[in-house]
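# Examination of the molecular architecture
Each chain, written out:
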Amino acid sequence: MKFMDEYRDEKLAHKLIAEIKRTVTRPWVLMEVCGGQTHSIVKYGIDRLLPKEVELVHGPGCPVCVTALETIDKAHAIAQRPNVIFCSFGDMLRVPGSEADLLVLKSRGADIRIVYSPIDCLKIARENPHKQVVFFAIGFETTAPANAMAVWQAKKQGISNFSILVSHVLVPPAISAILQSPDNRVQGFLGPGHVCTVVGYREYEPLATQFRVPIVITGFEPLDLLEGTLMAVRQLEEGRAEVENQYPRVVQRDGNRVAQQIVESVFEVCDRNWRGVGSIPQSGYALRPDFAAYDAERLFDVGAIATQESGVCISGLVLRGAKKPHHCSAFGKACTPEHPLGATMVSAEGACAAYYAYGRHLQPQDFAAKGQPS
Amino acid sequence: MNDPASLAAALTSCPLPIMDHKEVVLPHGAGGKLSQRLIQNIILPQFRNEFLQPLHDGAVLSIHGARLAFSTDSYVVNPLFFPGGDIGDLAVNGTVNDLAMCGAQPLYLSAAFIIEEGLPMDDLWRIVQSMRRAADRAGIALVTGDTKVVDRGKGDKIFINTSGIGFIPEGRAIQPGRAAVGDKILISGQIAVHGIAIMSVREGLEFESEIASDTAPLNSLVEALFAASNNIHVLRDPTRGGATSALSEIAEAAQVGIRLDESSLPISEEVKGACEILGLDPLYVANEGKLLAFVPASDADAILAAMRAHPLGRGAAIIGEVVAEHPRFVTMKTRVGGTRVVEMLSGEQLPRIC
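Each value, and the rule that gives it
Residues numbered from 1 in each chain as written. Chains lettered and ligands numbered in written order. Predicted model: local features only at pLDDT ≥ 70, side-chain atom pairs only at ≥ 80, totals over all residues. Heavy atoms only, no water. Helix = DSSP H or I, 4+ residues; strand = E, 2+ residues; numbered from the N terminus. Rg over C-alpha atoms; globule rule 2.2 N^0.38 Å. Buried < 20%, exposed > 50% of the residue type's maximum accessible area, 1.4 Å probe, protein only. Contact = heavy atoms within 4.5 Å. Areas by Shrake-Rupley, 256 points an atom, 1.4 Å probe, with all protein chains shown as cover. Lys, Arg positive; Asp, Glu negative; His and termini not counted. Charge placed at Lys NZ, Arg CZ, Asp CG, Glu CD. Phe/Tyr/Trp six-rings, centres within 6.5 Å; stacked < 30°, edge-to-face > 60°. Lys NZ or Arg CZ within 6 Å of the ring centre and 35° of its normal. Polar contact = N/O pair within 3.5 Å; in protein donor to acceptor, adjacent residues only side chain to side chain. Domains from an automatic or database assignment. Buried area = accessible area lost by both parts, 1.4 Å probe. Salt bridge = Lys/Arg side-chain N within 4 Å of Asp/Glu carboxyl O. Core = buried A, V, L, I, M, F, W, Y, C linked by side-chain atoms within 4.5 Å. Expected span 1.5 Å × (residues − 1). Nonpolar A, V, L, I, M, F, W, Y, C, P; charged D, E, K, R; others polar. Pairing = 2+ DSSP bridges.

## What about the overall build of chain A?
- When helices and strands are counted, chain A shows 16 helices and eleven strands.
- Over its C-alpha trace chain A gives a radius of gyration of 21 Å, about what one expects of a compact globule, namely 21 Å for 374 residues.
- Seen through its principal axes, chain A has C-alpha atoms that stretch 65 × 45 × 45 Å.
- Out of the 374 residues belonging to chain A, those deemed buried represent 61%.
- Taking as baseline every contact in chain A between residues at least 6 positions apart, the subset at least 24 positions apart corresponds to 76%.
- By element, 51% of the accessible surface of chain A is carried by carbon and sulfur atoms, the whole surface being about 14600 Å².

## Considerations on the overall build of chain B
- Within chain B, the secondary structure is distributed over nine helices and 14 strands.
- Against the compact-globule benchmark of 20 Å for 354 residues, chain B has a radius of gyration of 21 Å, which places it among compact chains.
- Here chain B holds 354 residues, and 51% of them are scored as buried.
- Here chain B carries 29 positive and 41 negative side-chain charges, and the mean point of each set is 2 Å from the other.

## Let's talk about the packing of aromatic side chains
- Summed over all chains, the structure comprises five aromatic pairs over all chains.
- Against the face of Tyr7(A) rests Arg249(A), its NZ or CZ located 3.7 Å from the ring centre.

## Comments concerning the side chain of Asp86(B)
Residues and elements named next belong to chain B.
- Looking at the element boundaries, Asp86 is found in strand β4 (residues 85–86).
- In terms of polar contacts, Asp86 uses its side chain to reach the side chain of Ser130, at 2.8 Å.
- In contact with Asp86, not counting residues within four places along its chain, are Leu80, Phe81 and Ser130.

## Quick word on the domain arrangement of chain A
Residue and element names in this part refer to chain A.
- Under the domain assignment, chain A is made up of domain 1 (1–309) and domain 2 (315–362).
- In this assembly, 32 residues from domain 1 lie in contact with 24 residues from domain 2.
- Summed over the three residues of domain 1 that lose the most area to domain 2, namely Val42, His58 and Cys65, the buried surface amounts to 22% of that side.
- Taken together, the links from domain 1 to domain 2 amount to two salt bridges.
- Between Arg320 and Asp183 there is a salt bridge whose closest N-O contact spans 3.4 Å.
- Linking domain 1 with domain 2 are three residue pairs in polar contact (both at pLDDT 80 or more), by the criterion used here.

## What about the environment of Arg113(A)?
Residues and elements named next belong to chain A.
- Among the structural elements, Arg113 can be located in strand β4 (residues 111–114).
- C-alpha of Arg113 to C-alpha of Leu102: the two residues are eleven residues apart in sequence and 9.6 Å apart in space.
- Side-chain polar atoms of Arg113 contact the side chain of Asp111, separated by 3.0 Å.

## Topic: the nonpolar core
- Phe86(A), Phe162(A), Phe189(A), Tyr204(A) and Phe267(A) are the most contacted members of the largest nonpolar core, which totals 93 residues.
- At six residues, the largest contribution of residues to this core is made by strand β5 (residues 132–139) of chain A.
- When we break this core down by domain, the ones giving at least three residues each are domain 1 (1–309) and domain 2 (315–362) of chain A.
- Once residues lying within four places of it in the same chain are set aside, the contact partners of Tyr204(A) are Val171(A), Pro172(A), Ile175(A), Pro192(A), Val195(A), Cys196(A), Ile215(A) and Val243(A).
- In terms of nonpolar packing, the next biggest core, distinct from the first, is built from 37 residues, Ile187(B), Ala254(B), Leu260(B) and Val330(B) among them.

## Notes on helix α11 (residues 222–238) of chain A
Residues and elements named next belong to chain A.
- Across its 17 residues, α11 extends 24 Å between first and last C-alpha, which sits within 8% of the 24 Å expected from 1.5 Å per residue.
- Counting buried residues along α11, 13 of its 17 residues qualify, which places the element largely inside the surrounding structure.
- Just downstream of α11 lies Gly239, where phi reads positive at about 75 degrees.

## Overview of the interface of chain B and chain A
- With 40 residues of chain B at the contact, the number on the chain A side is 51 residues.
- Buried area between chain B and chain A, both sides added, is near 4000 Å², and the carbon and sulfur share of it is 60%.
- Inspection of the chain B/chain A interface yields five salt bridges.
- Between the two partners, chain B and chain A, sit five residue pairs in polar contact (both at pLDDT 80 or more).
- Residue contributions to the side of chain B that touches chain A peak at five residues, all from helix α8 (residues 269–278) of chain B.
- Partitioned by chemical class, the residues of the side of chain B that touches chain A number twelve nonpolar, ten polar and 18 charged.

## Topic: the pairing of strand β7 (residues 188–192) of chain A
Residues and elements named next belong to chain A.
- Counting buried residues in β7 gives five out of five residues, a clear majority hidden from the surface.
- Here strand β1 (residues 28–34) pairs with β7 via three bridges, running parallel. Each residue of the ladder has a partner; that of Met31, found in β7, is Phe189.
- Looking at chain direction, β7 and strand β8 (residues 215–218) are connected through four bridges and run parallel. In the sheet register, Pro192 faces β8, and the bridge partner there is Thr218.

And the structure:
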């Protein structure tokens, strides 16, 4: 496919791998921030093509994974109300709350619908004037403009039976939290390509300077990831710590101003609780007071919900890059995509789920042949 | 059953199945691991027998020396009418194909309709006409049937069940367990077309060119393959759950490893694009007019040529082989040269957020 296959070319991939091998002289730990990047890396087996000096650890950038259990329980409480049509992105449906997941609630009679865009919810709201249509607004800066636009449009069009349950998270505070954690191993970042498409990468420049880490804004295709890795390794080898843009075909330094404006007019920055990590100050979006009428949390008064996470799960360490999925004693055993114990197994984007989906829970002895997945 | 001994016997012979779900959820019907578990834990324990055991697309029965294939399938597609077909031809082709995948020549079909009151008579007429055309095309006769009408809200417009029987000629032995090390794996054309056709209508997605379902009767293609060689080990039409589910089941049944080559998978540009947009992996998307064939390497070229000479097999390709390594697992050499395991999904493939 045009503009896609070019970035999955085997010959070019091997050129980049050879160049990384030539450049690297000692061990480095890089973190790819986005769940989409983790997914690609494991799907294409990219980490296994890299020289052993370059270790990729997987970051916190899976919005489904880091949505707090408490928020998921709130979503479930709202979805079970009579007269509610609860809309969500597809991969939230399988994420278990304390008691069930949205698929189970659907089987019990809740009206739960998968949408591809929050704007679709406005149509559903117009077609069902006697129902309350609630959208589960999760995601990083990437999904914020569309979610903000849905609310803005609802206000403009006078749609009063639409609201959103907001659980937006922001990347830079998470990077900062990772770098400040005492067990941090990360020496360089493959920055979030699609987040930066929206917000640009000015915000990342002080992080690179303050913590002396290279941040390479990177795309999602195999060649993007390999080139991003090469650029980060080059910086580390040369002792530089800058923000570089591997993904200029999409990302500009200032990002998308129009998208930023709609986000700023609807959302304000707030503290946010991250599943597996805990509360990070100023790391999320909440609706501005002007848009309080569209806040599902207020509308449905779901109140405080107490939750209990599994004791074995190490997803917090996985999200900070301190551990890898297979370091967890529950991985692939007590904890599987059908029965996730924690954040990173719940979505296909999560590091544990990606490892599982691509067979990395299998033991080396399952594979007699050399070079097979272990 | 009052005495403790018989109570204990009843409990041990018929244990309460350990199920993860207290209720049936949609992914139980998606052809992935949950579907498998539903069959293994709830259905098979009650009906274990030699005919059911191979878990093939149909049962192979010997009656007075004649070998017959017997299969059944229900159709619950939404929307009823979609580009390239409708629930009617899907219901005929699906059972015809299940029989053909047993190496049988489909002969007779039954059809049962569960109709929700309020279904426009015009729709029913269109569906039945389309079934008749599909039956004519496959060269089979619809010889018995049933109709039921249920209250509004108790069904979704119309559900159709078809069952069929077919005759298996001498010398054909098709079974998932026969996949053997060294076999080449052929696919008869581009994958993931049906699933994407349905999904784009359901989601109201529009692409530059319309993606039409590949629903088709595969019995004439199967006959063309047998005309080229009787040496075919396994046939399977990778419907719900996609190519991955079919291949995983075969690897499991034959206790062999399967190795695919990603760059050899035939996928149309439109389907690739739709999958990228929807965040889906074409390996897990349904097909309704494609078959997988496991054949010895010595016969692979002849069978591939026979496939390509048939109108329904023009896009055929060899996509992988059966290996002794990593039994029960399907692995794939990725486009950039890495390797990964291709796992059966737990349930439905859900569109990803980013």
